[in-house]
Amino acid sequence: MPRYLIERTFIGNLKLPANGEKDRASFINNNFECNVTWLYSFVSDDRKKSYCIYEALTPEAVRKAAGRNNIPVDRIIEVNVLDPYICK
């Protein structure tokens, strides 16, 4: 499955969902329906940018899931794992 790095810019600051478990379930369901898996993210200190790693068949699937989850997408870059333990 291809992996993608998604760069996001948030107007104001990144805010966590207000409805906790309900929003989290909706987020996961939207990703599932788009065949997208969120692996993990990094957030800037000022909470205005995030860099997220997803698995998906296509960048369009990532954009579709983001649209359903009402989160921005600035850029999508296909990436590969580079592990320091395999570099000798």
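Presented here is a report on the structure given in the accompanying data block. (Residues numbered from 1 in each chain as written. Predicted model: local features only at pLDDT ≥ 70, side-chain atom pairs only at ≥ 80, totals over all residues. Heavy atoms only, no water.)

### Description of helix α1 (residues 21-33)
With 13 residues, α1 should reach 18 Å at 1.5 Å per residue; the first-to-last C-alpha distance of 18 Å fits that figure. After α1 finishes, the residue Asn35 shows a positive phi value of roughly 60 degrees. (Helix = DSSP H or I, 4+ residues; strand = E, 2+ residues; numbered from the N terminus. Expected span 1.5 Å × (residues − 1).)

### Topic: the pattern of salt bridges
If you walk through the whole model with that rule in mind, you get six salt bridges. Residue Arg68 is joined to Glu33 by a salt bridge in which the shortest nitrogen-to-oxygen separation is 2.7 Å. Taken together, the residues Arg68 in helix α2 (residues 59-68) and Glu33 in helix α1 connect sequence positions 35 residues apart. The class for Glu33 is partly exposed, based on a relative accessible area of 47%. A cluster of three or more residues bridged by salt bridges with shared partners is formed by Glu7, Lys49, Asp74 and Arg75. (Salt bridge = Lys/Arg side-chain N within 4 Å of Asp/Glu carboxyl O. Buried < 20%, exposed > 50% of the residue type's maximum accessible area, 1.4 Å probe, protein only.)

### With respect to the side chain of Arg8
Here Arg8 is to be found in strand β1 (residues 3-9). Among buried Asp, Glu, Lys and Arg side chains, Arg8 stands out as unpaired, with Asp74 the closest opposite charge at 8.1 Å. Reaching out from Arg8, the side chain makes a polar contact with the side chain of Tyr54 at a distance of 3.3 Å. If we ignore the near neighbours within four places in the chain, the residues touching Arg8 are Lys48, Lys49, Ser50, Cys52, Tyr54, Ala66, Ile71, Pro72, Val73 and Asp74. (Lys, Arg positive; Asp, Glu negative; His and termini not counted. Polar contact = N/O pair within 3.5 Å; in protein donor to acceptor, adjacent residues only side chain to side chain. Contact = heavy atoms within 4.5 Å.)

### Thoughts on the state of the cysteines
For the coordinates displayed, the defined rule picks out zero disulfides. No disulfide involves Cys34; its nearest neighbouring cysteine sulfur is the one of Cys52, lying 15 Å away. Cys34 sits in the buried class, given a relative accessible area of 8%. Residue Cys52 is classed as buried on the basis of its relative accessible area of 4%. (Disulfide = S-S within 2.5 Å.)

### As for the sheet that holds strand β4 (residues 75-79)
Strand pairing within a sheet occurs via backbone hydrogen bonds; the two strands may be parallel or antiparallel. Sheet architecture is open: four strands sit in the order β2-β3-β1-β4, paired in antiparallel fashion. Looking at which strands have only one partner, the edges of the open sheet turn out to be β2 (36-43) and β4. Sheet twist, expressed as the mean angle between neighbouring strand axes with direction ignored, is 25 degrees. Both β1 and β4 contribute to a ladder of five bridges, which runs antiparallel. When the bridges of β4 are listed, Tyr4 appears paired with Glu78. (Pairing = 2+ DSSP bridges. Axes fitted to C-alpha atoms, helices over the stretch in contact; angles between N-to-C directions.)

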